[in-house]
Amino acid sequence: MDGGNSLMWRRAVLAKHKARMSDEYLRAIDSLNNLQTNAATLELLRQKGTMLNTQSLPEYRAHLACIGYKPQDLDKLNVIHIAGTKGKGSTSAFCESILRRYQIRDKDPGGLRPLKTGLFTSPHLQEVRERIRIDGAPIQKDLFAKYFFDVYNKLEENQHMLPENVPKKPMYFRFLAMVAFHCFLQEKVDVGVIEVGIGGEYDCTNVVEQPVVCGITALGFDHMPVLGYTLPEIARHKAGIIKKGRPVFTSWQPDDAMEVIKAHAAEMQASSCQEVSQDDISKVENLPLGLAGEHQKSNAALASILADTWLKSRSTGDCLPASVFDASGEVVHEAAEGLAKVRWPGRAQRYHAPELQHLDWFLDGAHTVESLQICATWFKSCLSTSRGPGRALIFNCTHGRNGGDLLKSLADLHKSLDVEGKPVFDLVVFCTNEPYKQESEKPKITDMINHTVVNDATFPVQHALVSHWNTLVGDDGNGKASVDVAASIEDAVDLVASRFVPSDIHAQVLVTGSLHLVGGMLAVLGASVE
């Protein structure tokens, strides 16, 4: 890429970022970033095996009391609580998108109005406010700042209420959950769709005592130092969200994991515990879905059942329509529209940057072995029928994950050869999650400041990924692919943009391995916040 074109796209992106700045919002994010656990402390906890805080919920109840809430107050949110390893964010998004299309009877003045939804998820891609959504949209910056400082200032004022051994403020994720709960209560949402952070039983979102319904998506291996190294161990943590007298629905699980979930549901006296069946999936199988990938059919089926259960929990005539399925078991129009129109950036997303029109970006935040297998399948289904100008892979992984295990499905894809009998990728770049290069004319993206990782100028993680990749593809599989390391996402974009010049229309670039990487890429490319 020549210097003039490079400068032009950077300036265009910079202008977009500056237009989104807000002083009060930035002040809130600066304060929030101070609640992050620093990298050194996290590493010490990992080494000691004490990442799990079994006192998290008693502490969280104490913090809630400081801002004037009891756990029972959260029952007003009519919560759909969703845990899992894979697809919990997508399932949450499907759920919210379905219910937003429904009408609810307003007691005052008594007419029908659109059902008001709240959605809390993590992590964010570009801006923190993405985690807290009203009616599908991230809350505005001024509203985020207002509710943030409501919580922050009350915690400051009421520190004397806390027991001696409880931190003065909850840490980053827990604080954001508190802001979300406060926001949803003040905004009087009709339903709160709440995604678990990590695990379930000890997650701060489990402070909700009476959810309307609970969902558990597909289980896999992630956060193993915290949750355990076997599926039954992981399943026990996820099943911790199950409540007495409340129904729970789960995606298909391996037998040993399902046994644990059913046993805990029985122990907790859940009203029911059901696994999504093939018949359930068949009801959405032929419907258009707003999220790409075969696996999304299972997520859509689970979300449809959760939304249907929520609607049926309401008084007769309270919501129109009254369910997700009609008398014949078909998905009704409103729910089908919700499934088709859902948007969930960074997951099997195709993006075209106006400043780099010759490149087609394929973005997926897959970060487990299972989800990267699905990502590889999705990207293969998107490959051009002819090779065209070529393809690139940009990859990174975080939090001590095994790079060799994560890269295997992508290396297998590379070696599977394309329609012309050539290895799939021409260029492979391993970069950090740092959005911008040091010398860049970059905006200050306080939402992306991450104190939980250490930036090492020797890039040991990225060089280890190069070694894993070379081992996996071997001499024959590597073909003509160039392999490189980049200090930042912006550097990686420059490498790709210079490899495929503007005349090479529609070179395909897969970006995966980390949601933080995908979020940084969207920022670098100048994408709007969705």
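As a reminder, the structure under discussion sits directly above these lines.
Predicted model only: the values in this text are computed from it and were never measured. (Residues numbered from 1 in each chain as written. Predicted model: local features only at pLDDT ≥ 70, side-chain atom pairs only at ≥ 80, totals over all residues. Heavy atoms only, no water.)

S.K.: Report on the packing of helix 6 (residues 141-157) against helix 7 (residues 172-186), specifying residues and quantitative values.
M.R.: Running from N to C, helix 6 and helix 7 cross one another at 115 degrees; their axes reach a closest spacing of 9 Å. Regarding the angle of helix 6 to helix 7, the classification is roughly perpendicular. Note that helix 6 runs across helix 7; the crossing there is right-handed. From helix 6, Phe144, Tyr147, Phe148, Asp150, Val151, Tyr152 and Leu155 reach across to helix 7, where they touch Phe175, Leu176, Met178, Val179, His182, Cys183 and Gln186. Among the residues forming the contact of helix 6 with helix 7, the class breakdown is 11 nonpolar, two polar and one charged. (Axes fitted to C-alpha atoms, helices over the stretch in contact; angles between N-to-C directions. Helix = DSSP H or I, 4+ residues; strand = E, 2+ residues; numbered from the N terminus. Parallel < 35°, antiparallel > 145°, perpendicular 65-115°, else oblique. Left-handed = near helix turned anticlockwise from the far one by under 90°. Contact = heavy atoms within 4.5 Å. Nonpolar A, V, L, I, M, F, W, Y, C, P; charged D, E, K, R; others polar.)

S.K.: How would you summarise the nonpolar core if you had to cite specific residues and measurements?
M.R.: Soluble globular proteins: nonpolar side chains tend toward being buried together. Counting residues in each nonpolar core, the largest one holds 46 residues, and the members touching the most others are Phe144 and Phe184. Of all the secondary-structure elements, those providing two or more residues to this core are helix 2 (23-33), helix 4 (56-66), strand 5 (132-134), helix 6 and helix 7. At 12 residues, the largest contribution of residues to this core is made by helix 7. Residues contacting Phe144, with those up to four places away along its chain left out, are Tyr25, Ala28, Ile29, Val128, Arg129, Ile132, Ile139 and Leu176. With 39 residues, the next largest nonpolar core counts Val191, Val193, Val331 and Val342 among its residues. (Core = buried A, V, L, I, M, F, W, Y, C linked by side-chain atoms within 4.5 Å. Buried < 20%, exposed > 50% of the residue type's maximum accessible area, 1.4 Å probe, protein only.)

S.K.: Describe unusual backbone geometry, and please don't skip the residues or the numbers.
M.R.: The omega torsion across Ser122 and Pro123 is -5 degrees, close enough to zero to call that bond cis. Looking at the element boundaries, Pro123 is found in the loop between strand 4 (117-120) and strand 5. Here the amide bond leading from Leu320 into Pro321 is cis, since omega sits at -10 degrees, within 30 degrees of zero. Note on placement: Pro321 falls in the loop between strand 11 (319-320) and helix 13 (333-341). The phi dihedral of Gln269 is positive, around 60 degrees, even though this residue is not glycine. Relative to the elements of secondary structure, Gln269 occurs in the loop between helix 10 (255-268) and strand 10 (272-275).

S.K.: Any details on the sheet that holds strand 16 (residues 482-486)? Residues and values, ideally.
M.R.: The sheet built from six strands is open, its strands ordered 12-13-17-14-15-16 with mixed pairing. The open sheet has two free edges, formed respectively by strand 12 (349-351) and strand 16, since each of these has just one partner strand. Taking each pair of neighbouring strands and ignoring which way they run, the sheet shows an average axis angle of 20 degrees. Sheet strands touched by helix 15 (residues 403-415): strand 14 (391-395), strand 15 (427-431) and strand 17 (507-512). Its angle to strand 14, the strand with the most contacts, is close to 170 degrees. Relative to the sheet, helix 17 (residues 489-499) contacts strand 13 (359-364), strand 14, strand 15, strand 16 and strand 17, its axis offset from that of strand 15 by approximately 170 degrees. (Pairing = 2+ DSSP bridges.)

S.K.: An account of the packing of helix 9 (residues 231-238) against helix 10 is requested, with residue identities and associated values reported.
M.R.: In contact at an axis separation of 8 Å, helix 9 and helix 10 are set at 30 degrees when each is read in the N-to-C sense. Looking at the two axes, helix 9 sits roughly parallel to helix 10. As helix 9 packs across helix 10, the resulting crossing turns out to be right-handed. For the pair formed by helix 9 and helix 10, the contact residues are Leu231, Pro232, Ala235 and Arg236 on the first element and Asp256, Ala257, Val260, Ile261 and His264 on the second.

S.K.: Run through the packing of aromatic side chains, naming residues and quoting values.
M.R.: The tally for this structure, following the rule as stated, stands at 13 aromatic pairs. Judged by centre distance (6.0 Å) and plane angle (25 degrees), the ring pair of Phe144 and Phe148 falls under stacked. With Phe144 and Phe148 both in helix 6 and four residues apart, the pair spans about one turn of that helix. Comparing Phe144 with Phe148 shows no difference in burial state: the two are buried. Taken together, a centroid distance of 6.3 Å and an interplanar angle of 75 degrees make the contact between Phe149 and Tyr152 edge-to-face. Here Tyr152 and Phe149 lie together in helix 6, a separation of three residues that amounts to about one turn. (Phe/Tyr/Trp six-rings, centres within 6.5 Å; stacked < 30°, edge-to-face > 60°.)

S.K.: I'd like to hear about the sheet that holds strand 2 (residues 103-105), residue by residue, with values.
M.R.: Strand order in the open sheet formed by three strands is 3-2-11, and the pairing between neighbours is antiparallel. The sheet is open, and its two edges are formed by strand 3 (112-114) and strand 11, each paired on a single side.

S.K.: With reference to specific residues and values, describe the pairing of strand 1 (residues 80-83).
M.R.: Residues Ile80 and Ile82 line one face of strand 1 and the alternating positions His81 and Ala83 line the opposite face, and both faces are buried. In this structure, strand 1 lies alongside strand 8 (residues 213-216), joined through four bridges in parallel fashion. Bridge assignment links Ile80 to a residue of strand 8, and that residue is Val213.

S.K.: Run through helix 10, naming residues and quoting values.
M.R.: Relative to the 20 Å expected for 14 residues at 1.5 Å per residue, helix 10 spans 20 Å between its end C-alpha atoms, a close match to the ideal helical length. All of the buried residues along helix 10 are Ala257, Met258, Val260, Ile261, His264 and Ala265. The buried residues of helix 10 all sit within an arc of 155 degrees when viewed along its axis, so they share a single face. Turned more than 90 degrees off the buried face of helix 10, the exposed positions are Asp255, Glu259, Ala266 and Glu267. Next to the buried residues of helix 10 lie strand 8, helix 9, strand 9 (247-250) and strand 10. One or two residues past the end of helix 10 sits Gln269, with phi positive at roughly 60 degrees. (Expected span 1.5 Å × (residues − 1). Arc of directions from axis to C-beta.)

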